[in-house]
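Observations on the model geometry
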Amino acid sequence: MYLCYYTYPGGSHHSPAVAPTLTAAPQAATIPVTEPLLVPATQATLPHQTGLPTLTSQFPLTVCRKRTSDDLMSQSPMVTNGTSPPHLSGSDNEAKKVKLEQSSANGPSRVVHIRSLPPDCTEADVVQLGLPYGKMSNVLLLKQKNQAFLEFLDEQAAVTMVSFHQQNPAQIRMRSVYVQFSNHKELKTDQANSFQNATAQAALQAASAVMGGPTEDGQKRTTLRIIVEHLVYPVGIEVLYQIFSKFGKVLKMIIFTKNNSFQALIQMSDPVAANAAKLSLDGQNIYNGCCTLRIDYSKLNNLNVKYNNDKSRDFTNPNLPSGDPGLDQAMPFGDGKVTVKSPLEVSQVSQMSSYGVPSPMGAARLMTLNAAAAAGNAVLLVSNLDEQKVTPDALFTLFGVYGDVHRVKILFNKKDNALVQMAEPHQAQLAIAHLDKVKVWGKSIRVTQSKHTLVQMPKEGQPDAGLTKDFTNSPLHRFKRPGSKNCQNIFPPSTVLHLSNIPPNIEEDFITEAFQEHGQVKAFKFFPKDRKMALIQMASVDEAVTALIAMHNYPLSDTNHLRVSFSKSTI
């Protein structure tokens, strides 16, 4: 070890500092000096400086050189096959660089290491690659490293896979990947990553089901039929694509309405992806507390998609025409044209639920309306109202069944028309779907999107005759709490009404007499296990609508106000 001393003017004593480990300076360049600058560290005395009148103090400096890239590489904890190798010296650096290519020399293993995966690769894609070689017991996908580990039950299956792909490069989603043996003899996954484990197990179960044999008709199915129950928030092709693409490549999709329910057909790239999606998503909610997926296999083996639009999409052929734009696009809610921004934008906005889809309010705020001039319009135009009976409170109650109403304005010069501002655009779409052309006070009202994006309150001192009202802070909003049970009980107007918040001392006769003031009561029934709730049936939908407007928030006691909503049940 050597120390370099620099003579510094003005000092009179030696620094007691201890210098760190030093590297001798290279001898390529020499500087003419009268005395040596490098002396052994063990030397007892320091060299005597002469010829410089005031140079009396000397300070030790470390002599070092810039580390090359080889030095940095030799000390970096590069991960190879999932393990961190020991630090290697510079002489071993070249051997380390080619270690991945020579990993097969480590000997066969049940665990196969797959590198250079595409960014959108899924566990199902990895399992699909190993499907021809034998049964698999575990899979681990490292998305950030674009790597995966696949464990087979039998070592011979792994040997066959590696041997084959050494001669025939493997591909996943049109990208070449590298297959080799792993240093690991078995694969252990972290139980803390529950979602990753769930998707991995779903892919393995799907592969096991596919390897078990064909279905009854001799086909390994790739097309799924999806029914969305409790459809509170709009669900379109983009939302479904975002969800199902997490389990494999989505080829084609068709959405439609059948038996008054929203349905979809989704063709996946392979049986493993289809089975994995079915096992993972069946019975799950897209949004908290609503939009429940019911998934089964379709009898169709191949979807015939002619147009790329809001009701059908061929993701393998983006050049298909959109078709006649005047055709009904079979959107989830009647004639409303609703689009959702790209899945990428959705995923960046909100927290995911249990299996990786957005929470309802985060995704819903991304929705825009094609029929509106501005994105996010939540204002409705309601026409053909009975101007003798309509009030802001009546419209607040009726439209409040499908969303939180913030403002209502009855037009001064045309009192059979009104503007209703909902809290969210998707709530406006729900109201259009369920209330357009419904009879209210004996007249079929029309509910459409307004060109206005905001209902203006009258200026101070301006006469309004009570035609405009702000309900933003009303305590009667049904959907203030995300995930509320009210989200699961939204139904179109019907003759049967659901009643709740009934105090125990209120009898059937009291309730039926109150409702008979607004129409003929056909039937009434308390819930057997909970007398706080009941069902009441009116003679017609028109009478049921009128009764709901009049009886919702009806005082039954000092502390109990009746809650009324439409029901799908029968008495």
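A brief look at the structure comes next. All residue numbers refer to position in the chain's written sequence, counted from 1. Only residues with pLDDT of 70 or above have their local features reported here, since the model is predicted, and side-chain atom pairs are shown and tallied only from 80 upward, although totals for entire chains, interfaces and linings are computed over all residues. Side-chain metrics in this entry use all non-hydrogen atoms of the structure; hydrogen atoms and water are not considered.

For the rest of this paragraph, the subject is helix H4 (residues 155-167). A run of H or I in DSSP counts as a helix once it spans at least four residues, and a run of E counts as a strand once it spans at least two, with each numbered from the N terminus. One fewer than the residue count of a helix, multiplied by 1.5 Å, yields its expected span. Here H4 is 13 residues long and its end C-alpha atoms lie 19 Å apart, about the 18 Å a rise of 1.5 Å per residue gives. Classification of residues uses two cut-offs on accessible area relative to the type maximum, computed with a 1.4 Å probe and protein chains only: under 20% is buried, over 50% is exposed, and between them is partly exposed. Buried within H4 we find Ala157, Ala158, Met161, Val162 and His165. Buried positions in H4, seen along its axis, are confined to an arc of 130° and lie on one side of it. Throughout, the arc means that of the directions going from the helix axis to the C-beta atoms.

Take the layout of surface pockets next. For each structure, a 1 Å grid was placed over the protein atoms alone; sets of points admitting a 1.4 Å probe that cannot get out are labelled cavities, open sets with protein on both sides within 12 Å along at least five of seven lines are labelled pockets, and lining residues have an atom within 4 Å of a point. Grid points are joined across faces, edges and corners, and a volume is the space filled by probe spheres set on the points. Put simply, the largest pocket is a space of about 740 Å³. Together, 28 residues line the largest pocket, and Asn486, Asn489, His498, Ser500 and Ser565 are the ones closest to its centre. Among the secondary structure elements, those contributing two or more residues to the lining of the largest pocket are strand S24 (496-500), strand S26 (530-538) and strand S27 (563-566). The greatest single-element share of the lining of the largest pocket, amounting to 4 residues, is contributed by S27. Asp, Glu, Lys and Arg are counted as charged, while Ala, Val, Leu, Ile, Met, Phe, Trp, Tyr, Cys and Pro are counted as nonpolar; the rest, among them Gly, fall into the polar class. Its residues assigned to classes, the lining of the largest pocket comprises 11 nonpolar, 11 polar and 6 charged.

With phi around 50°, His230 is a residue other than glycine that occupies positive phi space. The phi torsion at Trp441 lies on the positive side, around 55°, for a residue other than glycine. Mapped onto the fold, Trp441 is located in the loop between strand S20 (439-440) and strand S21 (443-444). For Trp441, a relative accessible area of 14% corresponds to the buried category.

This part is about the nonpolar core. Put simply, buried Ala, Val, Leu, Ile, Met, Phe, Trp, Tyr and Cys residues joined by side-chain atoms within 4.5 Å make one nonpolar core. Grouped together as the largest cluster of nonpolar side chains are 118 residues, with contacts concentrated most on Leu240, Phe244, Phe399, Leu497, Leu499 and Phe515. Should any heavy atoms of two residues lie within 4.5 Å, those residues are counted as being in contact. Those residues in contact with Phe399 that sit more than four places away from it in its chain are Leu380, Val382, Val405, Val420, Met422, Ala431, Leu435 and Val447.

With that settled, the discussion passes to the packing of aromatic side chains. Only the six-membered ring of Trp is used, alongside the rings of Phe and Tyr, when aromatic pairs are assigned; centres must lie within 6.5 Å, and planes under 30 degrees apart are stacked while those over 60 apart are edge-to-face, with the rest tilted. Under the counting rule described, the total for this entry stands at 4 aromatic pairs. Ring plane angle 10° and centroid distance 4.3 Å describe the contact between Phe396 and Phe471, whose orientation is recorded as stacked. Taken together, the positions of Phe396 in helix H10 (residues 392-399) and Phe471 in the loop between strand S23 (468-470) and S24 put the pair 75 residues apart, joining distant regions of the chain. The class of Phe396 is buried, set by a relative accessible area of 7%. Only lysine NZ and arginine CZ atoms are considered, and such an atom sits over a ring when it is within 6 Å of the ring centre and within 35 degrees of the ring normal. Geometry around Phe412 places Lys415 over its ring, the cationic atom sitting 4.6 Å from the centre.

Moving on to the sheet that holds S27. By way of backbone hydrogen bonds, the strands of a sheet pair with one another, either parallel or antiparallel. A strand pair is defined by DSSP finding two or more bridges across the two strands. Read across the open sheet, the 4 strands follow the order S25-S26-S24-S27; overall the sheet is antiparallel. Only two strands of the sheet have a single neighbouring strand rather than two, namely strand S25 (521-527) and S27. Across this sheet, the average inter-strand angle for adjacent strands is 25°, counted without regard to direction. Judged from the 6 bridges that link them, S25 and S26 form a sheet pairing that is antiparallel. Among the inter-strand pairings, Ala523 is bridged to a residue of S26, identified as Gln537. Note on geometry: axes are lines fitted to C-alpha atoms, helical ones only across the stretch in contact, with angles between N-to-C directions running from 0 to 180 degrees. Sheet contacts for helix H12 (residues 508-516): S24, S25, S26 and S27; angle to S25, the most-contacted strand, approximately 145°. Against the sheet, helix H13 (residues 541-551) touches S24, S26 and S27, its axis set at about 155° to S27.

Let's shift gears to the sheet that holds strand S6 (residues 147-152). Read across the open sheet, the 5 strands follow the order S5-S6-S4-S8-S7; overall the sheet is antiparallel. The open sheet has two free edges, formed respectively by strand S5 (136-142) and strand S7 (170-172), since each of these has just one partner strand. Taking each pair of neighbouring strands and ignoring which way they run, the sheet shows an average axis angle of 30°. As judged from the 4 bridges shared by strand S4 (residues 111-115) and strand S8 (residues 175-181), these two strands associate in the antiparallel manner. Note that in S8 the partner of His113 across the bridge is Gln180. Along the sheet, helix H3 (residues 123-130) makes contact with S4, S5, S6, S7 and S8, crossing S5 at roughly 135°.

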